[in-house]
Amino acid sequence: MNEFNNYDEQFEVIDDTENEKIEFDEVNASSPKRKGRGFKIFIACISLTVALCIAVSCGYLVGIYSSGGSEIELFGKPDKKLSAEDIYKTVNKSVVGIVIYNNTGIKGYASGVIYSADGYIVTNDHIYEDVPDAKFKIYTADEKIYDGKFIAGDTRSDLSVIKVNATALTPAVFGNSGESVCGEEVLAIGRPRDASAASSVTKGIISYVNRRVKNSTNYSEKLIETDSPINPGSSGGALVNMYGQVIGITSAKLVGEDYDSVGYAIPSATVKSVIESLIKNGKVVGRSRLGITYQEFDSATASIEGSKHFGLKIIEVSEDSDLFGKVKADDIITHVNDVAVINDGVVLDVIETNKPGTVITLTIISENNTPKKLKCKLLSYVGGSSYVSSSGELTPDGDSSSDKTFDFPYGN
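Engineer: Tell me what's going on with the overall build of the chain, and back it up with residues and numbers.
Structural biologist: Helices and strands together make up the secondary structure of the chain, namely seven helices and 21 strands. Put simply, 63% of the contacts in the chain that link residues at least 6 apart link residues at least 24 apart.

Shown next, in the form of structure tokens:
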């Protein structure tokens, strides 16, 4: 009985509510000692669970903001927008200036975005084009200077990775470009003209979310179109939404008398996929191609030429293509997977969203105007970089079927 009373006194310290004391006495009088141990074990389990949750949460946050490696997370939009001033203060820490040079002198300037705390930086592949054995000086927002090492690049997406010897850089927070909408306000942050100077910021809107643009390789990519000014030297900088998230890497500016404030950025979804592969594999793997060159044969052109059919007019077929020997020049691809080919984007969307080895169905119109359906297996496309080694050779493509000579007029 003394033992019970001792426990009852301990219980009173934890909770001195009289009703709970009475209930305890009535229910547990037969086995007070056993119940006391159970209560202590229960409290210990709760404490352990809370501790584990805190540890996991802290580990997750540390992993997001300070870990290295090739993988990043694309965050959704939070509830609250930020001011342009606050965004600049935050994102500027993750934007760097890049000087491109070799033994003959300085060749150009560019910008970059810190991808991971351990020194990976994402920028454009075109910044070192035609610069044999390019070297890099990296200028960070805290006025430190690093030597940059070329890791890998991809001409088709115009993305590349440069590495510096550092362990405590501030990586950018990448947003999900798939949540971007036309008319959304954005900022462009980069280092125009002078890589060693502080970053500048410009403001605009998203003019178009998935504008398909043909680049210098004659392949096309879906880019974010913006009217936010992107000045020389800002290539490789950050396109940022009003939540402080990097949703794109600025890539090119369309200039000319007929264009005003038309700039492009590579969507963060593409950045994630390409950069992860470049870091892990030294090249981009898992992309597909059809193995043809073509010209768009739209409905207006078809009417002018007196044709009832429009789509993609085949110019040439690669010998390794699954279509080789089955189609010929001037045949027209009118449907892919039974969807009408109103422009080349219809076919390219199918190619880009499927892995090599996937079988697709093409409807082909030949000279006799008789449609035929063909099953076609997609090929692997492994791109290369425009980085030129000290020997004067381009970095290996890793796949001879990706030869740039097979790009005219358009190819995939």
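Engineer: Go over the packing of aromatic side chains with me, naming the residues and quoting the values.
Structural biologist: All told, the structure shown has five aromatic pairs when counted by the stated rule. Residues Tyr-128 and Phe-150 carry aromatic rings whose centres are separated by 5.4 Å and whose planes lie at 80° to one another, so their mutual orientation is edge-to-face. Of the two residues, Tyr-128 is situated in the loop between strand E3 (120-123) and strand E4 (135-139) and Phe-150 in strand E5 (residues 145-154); the sequence distance between them amounts to 22 residues. Through a chain of ring-to-ring contacts, three or more aromatic side chains come together here, namely Tyr-128, Phe-136, Phe-150 and Tyr-387. Here Arg-156 stacks its cationic end above the ring of Tyr-381, 4.8 Å away from the centre of that ring. For Arg-211, the ring lying beneath its charged end belongs to Tyr-208, and the centroid distance is 3.7 Å.

Engineer: Provide a residue-level description of helix H5 (residues 268-281), including the pertinent values.
Structural biologist: With 14 residues, H5 extends 19 Å between its outermost C-alpha atoms, agreeing within 8% with the 20 Å of an ideal straight helix rising 1.5 Å per residue. Just past H5, the residue Gly-282 takes up positive phi, approximately 75°.

Engineer: So what's going on with the pattern of salt bridges? Which residues, and what values?
Structural biologist: Scanning the entire structure with this criterion turns up 18 salt bridges. For Arg-287, the salt bridge goes to Asp-154, with nearest N and O atoms at 2.7 Å. Within this pair, whereas Arg-287 is found in strand E13 (residues 287-289), its partner Asp-154 is found in strand E5, the two being separated by 133 residues in sequence. With a relative accessible area of 0%, Asp-154 lands in the buried category. A salt bridge links Asp-322 to Lys-326; its shortest N-O distance comes to 3.8 Å.

Engineer: Please provide a residue-by-residue account of the nonpolar core, values included.
Structural biologist: Core analysis: the biggest nonpolar cluster contains 32 residues, and Val-91, Leu-159, Phe-174, Val-246, Val-271 and Ile-275 have the highest contact counts within it. Secondary-structure elements contributing two or more residues to this core are helix H4 (84-91), E3, strand E6 (159-163), strand E7 (185-190), strand E10 (238-241), strand E11 (246-254), strand E12 (262-267) and H5. Those residues in contact with Val-246 that sit more than four places away from it in its chain are Val-91, Ala-172, Val-173, Phe-174, Gly-175, Ala-238, Leu-239, Val-240 and Ser-268. Membership of the second largest hydrophobic core comes to 22 residues, among which are Leu-312, Val-327, Ile-364 and Leu-374.

Engineer: Got a sec to walk through the pairing of strand E18 (residues 359-365)? Specific residues and values, please.
Structural biologist: Here E18 lies mainly inside the structure; six of its seven residues are buried. As paired elements, strand E16 (residues 332-336) and E18 share four bridges and run antiparallel to each other. Paired with Ile-333 across the bridge in E18 is Ile-364. Taken together, the seven bridges between E18 and strand E19 (residues 371-377) define a ladder with antiparallel strand orientation. Looking at E19, one finds that Val-359 is bridged to Lys-377. Turn length for the E18-E19 hairpin, with the two strands adjacent in sequence and antiparallel, is five residues, and the turn residue Asn-369 shows positive phi of about 65°.

Engineer: Requested: an account of the sheet that holds E6, with residues and values cited.
Structural biologist: In any sheet, the strands associate via hydrogen bonds between backbone groups, in a parallel or an antiparallel arrangement. Here we have six strands rolled up into a closed barrel, ordered E1-E2-E3-E6-E5-E4, and antiparallel in their pairing. Direction aside, the axes of adjacent strands within the sheet are offset by 40° on average. As defined by bridge partners, strand E1 (residues 95-102) adjoins strand E2 (residues 105-114) across eight bridges and the pair is classed as antiparallel. Looking at E2, one finds that Ile-98 is bridged to Ala-110. The strands that H5 touches are E3, E5 and E6; relative to E6, the one it contacts most, it runs at about 50°.

Engineer: Lay out helix H7 (residues 344-352) in plain terms, naming residues and giving numbers.
Structural biologist: Judged by how many residues are buried, H7 sits mostly within the fold: seven of nine residues are covered. Those residues of H7 that sit buried are Asp-344, Gly-345, Val-346, Val-347, Leu-348, Val-350 and Ile-351. You can read the cap of H7 off the contacts: a side-chain oxygen lies 3.0 Å from the backbone nitrogen of Gly-345, and it is on Asn-343.

Engineer: Can you break down the side chain of Asp-125 residue by residue, with the values?
Structural biologist: When you line up the elements, Asp-125 lands in the loop between E3 and E4. A polar side-chain atom of Asp-125 sits 3.2 Å from a polar atom in the side chain of Thr-155. A polar atom in the side chain of Asp-125 sits 2.7 Å from the side chain of Ser-386. Apart from the residues lying within four places of it in its own chain, the contact partners of Asp-125 are Gly-153, Asp-154, Thr-155, Asp-158, Leu-159, Ser-160, Ser-385 and Ser-386.

Engineer: Can you explain the confidence of the model for the chain? Please cite residues and give values.
Structural biologist: Summing up the model confidence of the chain, the mean pLDDT is 81 and the portion of residues at 70 or higher is 75%. For residues 1-35, every residue scores under 50 in pLDDT, and the model assigns this stretch 21 contacts once sequence neighbours within four places are set aside. pLDDT under 50 marks residues 49-67. Its contacts with residues more than four places away, or in other chains, come to eleven contacts.

How each quantity is defined
Residues numbered from 1 in each chain as written. Predicted model: local features only at pLDDT ≥ 70, side-chain atom pairs only at ≥ 80, totals over all residues. Heavy atoms only, no water. Helix = DSSP H or I, 4+ residues; strand = E, 2+ residues; numbered from the N terminus. Contact = heavy atoms within 4.5 Å. Phe/Tyr/Trp six-rings, centres within 6.5 Å; stacked < 30°, edge-to-face > 60°. Lys NZ or Arg CZ within 6 Å of the ring centre and 35° of its normal. Expected span 1.5 Å × (residues − 1). Salt bridge = Lys/Arg side-chain N within 4 Å of Asp/Glu carboxyl O. Buried < 20%, exposed > 50% of the residue type's maximum accessible area, 1.4 Å probe, protein only. Core = buried A, V, L, I, M, F, W, Y, C linked by side-chain atoms within 4.5 Å. Pairing = 2+ DSSP bridges. Axes fitted to C-alpha atoms, helices over the stretch in contact; angles between N-to-C directions. Polar contact = N/O pair within 3.5 Å; in protein donor to acceptor, adjacent residues only side chain to side chain. pLDDT = per-residue confidence, 0-100.

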